[in-house]
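The chain contents come next:
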Amino acid sequence: MVLACVGFVGASNRYSLNLDWLYRIGDFSGAEAVKYAEKGWQSISLPRAFNEDEAYRLAIDELTDTVVWYRKHFRLPKEHRNGKVFVEFEGVRHGADFYLNGHHLGYHENGVMAVGLDLTPYINRRGDNVLAVRVDNNWGYRERTTHSTYQWNNKKSLLVRSILFIRRMEMG
């Protein structure tokens with residue numbers, strides 16, 4: 001699939017990654033791998049909270065809290081195969097690990113702040129790429145560095161809108 005352009009700013013091109021994600025509730029070993037079997041995964045668009053269907057039926061302390069995986073397949077547009085490539089999520093609740101083509105890019109712990117990651121070292125410029133995000137929304141989730149819990153946890157695991165940025169490299 002070639003991404004549709006949603007904007008142009010300066011020397012960067014922006015492409016929406018909001019459509020055609022897959023997700024599955026549960027913690028699955030190896031789900032970051034490129035060739036991971038996706039049978040039984042549900043198709044969604046972002047933003048999406050995996051338990052949003054429960055939000056208006058159940059009390060907050062009854063909402064499902066667990067790990068959920070999101071996966072997105074994409075290809076770089078032919079005219080933009082050079083340059084640095086970044087992805088930005090407007091928010092991920094609560095703890096999230098990000099992978100591109102099986103490589104761990106980093107993690108982010110905060111449900112309300114945007115996070116951006118450099119995909120350049122692991123991007124496949126001429127073929128399929130798999131972006132995988134493991135989101136931990138456990139009610140007792142503790143930050144990795146401080147081991148503190150979130151005081152404002154509302155038990156909604158959320159992956160918010162994502163944008164792929166391609167920055168042309170200037171050669172001098």
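Computed from a predicted structure; not experimentally measured. (Residues numbered from 1 in each chain as written. Predicted model: local features only at pLDDT ≥ 70, side-chain atom pairs only at ≥ 80, totals over all residues. Heavy atoms only, no water.)

Another aspect to go through is the overall build of the chain. Helix and strand counts for the chain come out as 0 helices and 13 strands. Helices and strands in the chain line up, N terminus first, as β-β-β-β-β-β-β-β-β-β-β-β-β. Buried residues in the chain amount to 47% of all 172 residues. Sequence-distant contacts, at least 24 apart, represent 74% of the contacts inside the chain between residues at least 6 apart. (Helix = DSSP H or I, 4+ residues; strand = E, 2+ residues; numbered from the N terminus. Buried < 20%, exposed > 50% of the residue type's maximum accessible area, 1.4 Å probe, protein only. Contact = heavy atoms within 4.5 Å.)

A word on unusual backbone geometry. Looking along the chain, the bond that leaves Leu 46 and enters Pro 47 is cis, with omega of 0°. Among the structural elements, Pro 47 can be located in the loop between strand 4 (42-44) and strand 5 (48-49). The phi torsion at Asp 20 lies on the positive side, around 65°, for a residue other than glycine.

Membership of the largest hydrophobic core comes to 25 residues, with the highest contact counts inside it found for Trp 21, Tyr 70, Phe 89, Phe 98, Leu 119 and Leu 131. Taken together, the elements giving at least two residues each to this core come down to strand 3 (21-25), strand 6 (67-74), strand 7 (84-89), strand 8 (92-100), strand 10 (115-118) and strand 11 (129-136). No other element matches the 4 residues that strand 8 contributes to this core. In terms of nonpolar packing, the next biggest core, distinct from the first, is built from 7 residues, Trp 41, Val 67, Trp 69 and Tyr 99 among them. (Core = buried A, V, L, I, M, F, W, Y, C linked by side-chain atoms within 4.5 Å.)

Here we take up the pattern of salt bridges. A complete count under the given rule lists 4 salt bridges for this structure. Here Asp 97 and Arg 144 are joined by a salt bridge, their closest N and O atoms 2.3 Å apart. Here Asp 97, found in strand 8, pairs with Arg 144, found in the loop between strand 11 and strand 12 (158-159); they are 47 residues apart in sequence, far enough to count as distant. Given a relative accessible area of 6%, Asp 97 falls into the buried group. (Salt bridge = Lys/Arg side-chain N within 4 Å of Asp/Glu carboxyl O.)

With that settled, the discussion passes to the environment of Lys 39. Looking at the element boundaries, Lys 39 is found in the loop between strand 3 and strand 4. Lys 39 sits 15 residues away from Arg 24 along the chain, and the two C-alpha atoms are 9.8 Å apart.

Right, let's get into the confidence of the model for the chain. Put simply, the chain has an average pLDDT of 80, and 80% of its residues get 70 or more. Taking the mean pLDDT of every element in the chain, the minimum, 36, falls on strand 1 (residues 5-9) and the maximum, 94, on strand 11. Under a pLDDT of 50 for its full length, residues 1-10 has, in the predicted model, 26 contacts with residues more than four places off or in other chains. Contacts of residues 168-172 to residues separated by more than four positions or lying in other chains number 7 contacts, the stretch itself having pLDDT below 50. (pLDDT = per-residue confidence, 0-100.)

Because side chains alternate across strand 7, one face comprises the buried residues Val 85, Val 87 and Phe 89, and the other comprises Lys 84, Phe 86 and Glu 88, none of which is buried. For strand 7 and strand 10, the ladder comprises 4 bridges, and the chain directions are antiparallel. Note on strand 10: the bridge partner recorded for Phe 86 is Asp 118. (Pairing = 2+ DSSP bridges.)

Along any regular strand, the residues point their side chains to alternate faces of the sheet. Of all 8 residues that make up strand 6, 7 are buried, and the element is covered over most of its length. Here strand 3 runs beside strand 6; their pairing, made up of 5 bridges, is antiparallel. In the sheet register, Arg 24 faces strand 6, and the bridge partner there is Trp 69. Two elements, strand 6 and strand 11, share 8 bridges in a ladder whose sense is antiparallel. Considered in strand 11, the bridge of Val 68 is made with Val 135.

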